[in-house]
Amino acid sequence: MFLNEGRSLLLLTLLAALQIGTEGRGPPLCRPGFSENVYNAVVPETVQEGQALFNVKFLDCSRGGQVQFESSQPAAFRVGTDGVVYALRSLHISSIGSSPLVIRARDEATGEQWQTQVKLLPGAGQSMQVPGVEPVAAVAPRLPEIVFPSRHTDDGSQLKRVKRDWVIPPINVPENSRGPFPQELVTIRSDHDKNRSLRYSVTGPGADQPPTGIFFIDPVSGSLSVNRPLDREHIASFHLRAHAVDLNGNQVENPIDIVINVIDMNDNRPEFVHQIWNGTVPEGSKPGTSVMTVTAIDKDDPKTQNGMLRYKILSQNPENPNPSMFTINNKTGNIITMAAGLDREKVPQYTLIIQATDMEGTALYGLSNTATAVIRVTDINDNPPEFTSETFFGEVEENRVNVIVANLTVTDKDQPNTPAWTAVYKITGGDPTGRFSVPTDPTTNEGLVTVVKPIDFENTRTFLLTVVAVNEVPLDQNIHRSRQSTATVSIKVLDVNESPYFEPNPKTMRLEEGLPAESILAVYTAQDPDRYMQQTIRYSKLFDPAGWLRIDPTNGRITTIAMLDRESPYVSNNMYNATFLATDNGNRPATGTGTLQIYLQDINDNAPVVFPSEAEVCEKPEPNYINITAIDGDLNSNAGPFTFELPTEVRRNWTITRINGDAAQVSLRLSFLESGIYEIPIIITDAGNLPMSNTSYLRVKVCQCDHNGICSDQERIIAAGLGTGAIISILLCIIILLILVLLFVVWMKRRDKERQAKQLLIDPEDDVRDNILKYDEEGGGEEDQDYDLSQLQQPDTMEPDAIKPVGIRRMDERPIHPEPQYPVRSAAPHPGDIGDFINEGLKAADNDPTAPPYDSLLVFDYEGSGSTAGSLSSINSSSSGGDQDYDYLNDWGPRFRKLADMYGGSDD
């Protein structure tokens, strides 16, 4: 492959000229936008409606009137088409706020937008204008030509790959070219196009690989073109491969590599990594102290001036004590102190506006951007705490502790709530016994003079303390402590009425028990610590659980009012405690207490008793003895060893044997003793200095025992008997049961009376038919029950002869004859035909030859022999009942009264 030398020289010359014009002396390509990212416009504090304030410069690159402007505060400002900003109403600049005014430009045709910020600074002055950059027309160079190298053999019969003589230099294309597009870059040609038709093509990223469609080659002429602007920040170079084939698709040339480099243009402003940078520096730092480093990034080629940044400080706020307190390394962005005088108490914080500019800081061609650096001056302990007064005063009552006497106030110019500001108070004089302390109030930083030990007015009436205030951290080595860091505190002690006190407390004494009443024990008096107050003390008893003592109210003499007893439940470990009260006669009476402890010595005043007091033995005891011991309320010296005896009248059945000084054994002389309860008197004598005897009874229960020698439960119950409570409970249960039975009987009788007192539902004068009342043991009446009355009229139908054996017949049965015709009552008879029905039945019975005799019982249903009913022969079965007296039916109750009226009355 080779390159035509003349065309190559022309191409290299043109590319060099374009590169020099772009980077150096020629004007850059036109890029629409505002001339600055941030404007600082000084405007009057008060503006009037319609007043022109300032103008912003916008490079429209000959877009005409297609660019429209608007502001972020459309109610207050209006932007003209020429970039002049007007006030829409009268206003104060300070009322707008600290937020910058944003001006936006929008291309109505393409929709592109640009914006800039304007910081309004109140004051007299003119608005800021930035000169624009006129666009420069691009010169279209003559296209270079690339020719494929020839391929031939010595004999011309076969093609062979030949070695390239040199490499084709890359093609440089400026980014952001404005066209027109497609823009031709180079022409690719093969020597074989003279005798045949060829087709050219390119492959690679930007052609047939993503991003596709950037480059295009005319397949006939071989002209390689770019179809749209290139962006170096997106793709810095393209590697393509050119091909030449004949019409049949046969390769006639080896592919050649084409490298297209995108030439960087200064189309990106520097961008700070952070818009606001925060740093600290200690106050009093020397010049050259590093504060922090700011960093900006430019997307342009860092190997060219387009990406070479330079930093500088645009402004410092505030400007005191020096407007140049800080400087910045223009290459690294490191901010350092430049002047001395950093004082946090005067200026706690500085705000710097940092600018980063590309093109190595050239303001004419370079693009810039700004950021804010906030530097906080940190505190050091360069100000000692100082008291607000040389002397502080306070007073305190004697014997008070944990009370605040005085508040010490200090001032410290260092930063509050830091170790350099927090005060620490120390007492350096006037308190040799350590009765005061001065802690620090964490909120107010005041010193709280506090009493930590009681103060006695009678010993010390005033204190004069010396207090020094320091900080938690030492002062800076160049700062000396101030004289105002030391103060005096004068404290006055107030006398109060103090409580009397007993001496000694408690008071202990030893006495024998049994001391009689009205015995003088001791004189127990109290002292008044108030030596300068003439006061008297009176005494009273505060605590005397047994009520044994009395104290004289004036002289404190203690006497007994009852006999002292060591065995009292109020005595613990031979010690009896009583508390007495002493009260003075001050304006506010004070009281004190004293305790008298009496150690009671034992005397032999308690007789021994048998233990246990109850025992059990069998009727035939095996073994036949009981072990007992003695109990004495006195101490050992007045208690055991004991002697045990039995009275003479008991010794014939029982014997007692001493086992040791505290125990004995009671034995039964008999081999059998009847069950029951026996009380055995036992005489026990202690071993006191004056021995005491006592007859104590042992209650022995004799019972029947099982084979194990244990009393059975029945015998235990018999022997034990029932207590009074158990007997009362049983009697109450029996009485309650009797009352319940009585109430039930009364209720049943009352119920019977109510049932007998009921009247018939139908008046007897209106209804001749008898009414049947329903009872619990009987069925209902005729209308309530569906009875078959024919069974009553023909009793033989209940037992047919066909089912009875021959020769067996009851004596009261009627003989076998034709059935008589008895009247049949209708299913629902009228109440008025009951009399006719009965008369007809009587006539049929009288004329019935098969009817049983008059003195026999008419059987309707056989219920067995042996009836307890009497003879009914007295009843006359004639058709006329006038010769019989039925008045006795009136005595049978209301149910038979209707029959009495029917048969015993007159013909009416």
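Only a predicted model underlies this, so the values are computations on that prediction, with no experimental measurement involved.

Engineer: What is the right way to look at the overall build of the protein in this model?
Structural biologist: Along the backbone of the protein there are 6 helices and 54 strands. With 908 residues in all, the protein has 35% of them scored as buried. Of the contacts formed within the protein by residues at least 6 apart in sequence, a portion of 66% connects residues at least 24 apart.

Engineer: Hey, could you run me through the sheet that holds strand 54 (residues 693–703) in this one?
Structural biologist: Either a parallel or an antiparallel arrangement is found when strands of a sheet pair, and the pairing is made through backbone hydrogen bonds. Here we have 4 strands laid out as an open sheet, ordered 48-54-53-50, and mixed in their pairing. Each edge of the open sheet is held by one strand with a lone partner, namely strand 48 (614–618) and strand 50 (643–645). Neighbouring strand axes in the sheet, compared pairwise and without regard to direction, differ in orientation by 35° on average. Inspection of the sheet shows strand 50 paired to strand 53 (residues 676–685) by 3 bridges, in the antiparallel sense. Across the sheet, Glu645 pairs through a bridge with Ile683, a residue of strand 53.

Engineer: Help me understand the packing of aromatic side chains in this model?
Structural biologist: One pair of aromatic rings is described through two measures. These are the centre distance and the angle between the planes. Tallying each qualifying case throughout the model produces 14 aromatic pairs. Arranged with centres 5.4 Å apart and planes meeting at 70°, the rings of Phe326 and Tyr350 form a pair that is edge-to-face. Of this pair, Phe326 sits in strand 25 (residues 326–328) while Tyr350 sits in strand 27 (residues 349–357), and the two are 24 residues apart along the sequence. With respect to class, Phe326 is no different from Tyr350; both count as buried. The structure contains a cluster of three or more aromatic residues connected by ring pairs, namely Phe34, Phe58, Phe69 and Trp114.

Engineer: Sorry, what's going on with the sheet that holds strand 25 here?
Structural biologist: In spatial order, the strands read 22-26-25; together these 3 strands make up an open sheet with antiparallel pairing. Each end of this open sheet is capped by a strand with a single partner; those strands are strand 22 (290–293) and strand 25. In this sheet, neighbouring strand axes are inclined to one another by 20° on average, regardless of whether the strands run parallel or antiparallel.

Engineer: Looking at this structure, how should I read the confidence of the model for the protein?
Structural biologist: Caution applies to low-pLDDT parts of the model: their predicted coordinates are not meant to be read in detail. Residues of the protein with pLDDT of at least 70 account for 77%, and the chain-wide mean is 78. Across residues 124–141, confidence stays below pLDDT 50; counting only partners more than four residues off in sequence or on other chains, it has 27 contacts. Low pLDDT (under 50) marks residues 794–813, which in the prediction has 19 contacts with non-local residues, meaning those over four places away or in another chain.

Engineer: Explanation requested: the environment of Val438 in the structure shown.
Structural biologist: Within the fold, Val438 resides in the loop between strand 34 (436–437) and strand 35 (447–451). By relative accessible area, Val438 is classed as buried at 10%. Taking the C-alpha atoms as reference, Val438 lies 8.6 Å from Val467; in sequence the two are 29 residues apart. If near-sequence neighbours (up to four positions away) are discounted, Val438 is found in contact with Leu408, Tyr425, Ile427, Gly447, Leu448 and Val449.

Engineer: Please explain the nonpolar core as it appears in this structure.
Structural biologist: Where a protein is soluble and globular, its nonpolar side chains tend to be buried together. The biggest cluster of nonpolar side chains holds 27 residues, and the ones touching the most others in it are Ile188, Phe215, Leu230, Phe238 and Ile260. Those elements that provide at least two residues to this core are strand 13 (171–174), strand 14 (183–189), strand 15 (198–203), strand 16 (215–217), strand 17 (223–226), strand 18 (237–246) and strand 19 (256–263).

Engineer: Honestly, unusual backbone geometry in this entry has me stumped. Any pointers?
Structural biologist: Looking along the chain, the bond that leaves Phe181 and enters Pro182 is cis, with omega of 0°. Along the chain, Pro182 turns up in the loop between strand 13 and strand 14. The amide bond that connects Asn505 to the next residue, Pro506, takes the cis arrangement and shows omega of 5°. Structurally, the position occupied by Pro506 is in the loop between strand 38 (501–502) and strand 39 (507–512). A positive phi angle, near 70°, is found at Asn399, a position not held by glycine. Within the secondary structure layout, Asn399 lies in the loop between strand 30 (391–397) and strand 31 (404–408).

Engineer: What am I meant to see in the side chain of Thr560 here?
Structural biologist: Along the chain, the position of Thr560 falls in strand 44 (residues 557–560). Of the residues examined, Thr560 reaches a relative accessible area of 0% and is grouped as buried. Dropping the residues within four chain positions of it, Thr560 is found in contact with Leu515, Pro516, Ala517, Glu518, Ser519, Leu521, Trp548 and Leu549.

Engineer: Help me out: how do you make sense of the pattern of salt bridges in this one?
Structural biologist: A pair can form between side chains of opposite charge whenever their charged atoms are brought close. Inspection of every chain in the model, using the stated rule, returns 15 salt bridges. Arg310 serves as the salt-bridge partner of Glu360, at 3.6 Å between the closest nitrogen and oxygen. Here the residue Glu360 occupies a position in the loop between strand 27 and strand 28 (368–378), and Arg310 occupies one in strand 24 (residues 310–317), the gap between them amounting to 50 residues. By relative accessible area, which is 33% here, Glu360 ends up partly exposed. Among the salt bridges present, the one from Glu345 reaches Arg344, with a minimum N-O distance of 3.3 Å.

Engineer: Whenever I open this one, the pairing of strand 37 (residues 486–494) confuses me. Can you help?
Structural biologist: Two faces belong to every sheet, and in a regular strand the side chains alternate between them. Alternating residues of strand 37 divide into Ala487, Val489, Ile491 and Val493, all buried, and Thr486, Thr488, Ser490, Lys492 and Leu494, none buried. Across 7 bridges, strand 30 lies against strand 37 in parallel orientation. Bridge pairing in strand 37 links Phe392 to Val489. In this structure, strand 36 (residues 462–471) lies alongside strand 37, joined through 7 bridges in antiparallel fashion. Looking across to strand 37, one finds that Leu465 is bridged to Val489.

Engineer: Please clarify how a nonpolar patch on the surface should be interpreted in this entry.
Structural biologist: On the surface, Ile728, Leu732, Ile735, Ile736, Ile739, Leu740 and Leu743 cluster together into a nonpolar patch covering about 680 Å² of accessible area. Mapping Ile736 onto the fold places it in helix 3 (residues 724–756).

Engineer: Before we go on, may I ask you to explain the environment of Arg435 in this structure?
Structural biologist: Looking at where Arg435 falls in the secondary structure, it is placed in the loop between strand 33 (423–429) and strand 34. A relative accessible area of 25% means that Arg435 is categorised as partly exposed. Residues Arg435 and Val451, 16 residues apart in the sequence, show an inter-C-alpha distance of 5.9 Å. With residues up to four places along the chain from it excluded, the contact list for Arg435 reads Thr450, Val451, Val452, Lys453, Pro454, Ile455 and Phe463. Within the structure, Arg435 has its side chain in polar contact with the side chain of Thr433 (distance 3.1 Å).

Engineer: Would you take a moment to explain the environment of Gly434 for this structure?
Structural biologist: Summarising the element assignment, Gly434 is placed in the loop between strand 33 and strand 34. Judged by relative accessible area, which is 30%, Gly434 ranks as partly exposed. In sequence terms Gly434 and Val451 are 17 residues apart; their C-alpha atoms lie 9.2 Å from each other. Aside from chain neighbours lying at most four places away, what touches Gly434 is Val452 and Lys453.

Rules and cut-offs
By convention here, each chain's residues receive numbers from 1 onward along its written sequence. The predicted origin of the model limits local features to residues at a pLDDT of at least 70 and limits the giving and counting of side-chain atom pairs to 80 or more, whereas totals for whole chains, interfaces and linings rest on all residues. Side-chain metrics in this entry use all non-hydrogen atoms of the structure; hydrogen atoms and water are not considered. Only DSSP runs of H or I with at least four residues qualify as helices, and only runs of E with at least two residues qualify as strands; both kinds are numbered from the N terminus onward. Only protein chains enter the accessibility calculation, which uses a 1.4 Å probe; a residue whose area is less than 20% of its type maximum is buried, one above 50% is exposed, and one in between is partly exposed. By definition in these notes, contact holds between two residues if any of their heavy atoms fall within 4.5 Å. Strand pairing requires that DSSP identify at least two bridges connecting the strands. Simply put, an axis is a line fit to the C-alpha atoms, just over the touching stretch for a helix, and the angle between two N-to-C directions goes from 0 to 180 degrees. For Phe, Tyr and Trp, where Trp contributes only its six-membered ring, two rings pair if their centres lie within 6.5 Å, and the inter-plane angle classes them as stacked under 30 degrees, edge-to-face over 60, or tilted in between. Confidence of the predictor in every single residue is expressed as pLDDT, which spans 0 to 100. We call a set of buried Ala, Val, Leu, Ile, Met, Phe, Trp, Tyr and Cys residues a nonpolar core when their side-chain atoms join them within 4.5 Å. Throughout this description, the term salt bridge denotes a Lys or Arg side-chain nitrogen within 4 Å of a carboxyl oxygen of Asp or Glu. The patches reported here contain residues having more than 30% relative accessible area and no salt bridge. Joining distances are 9 Å for like charges and 5 Å for nonpolar side chains (Val, Leu, Ile, Met, Phe, Trp, Tyr). Where accessible areas are quoted, they stem from the Shrake-Rupley method and a 1.4 Å probe; at the residue level, only the protein chains shown are allowed to cover. Distance and chemistry together define a polar contact, namely a pair of N or O atoms within 3.5 Å, with one atom able to donate a hydrogen and the other to accept it when in protein, and with adjacent residues in sequence counting only for side-chain atoms on both sides.

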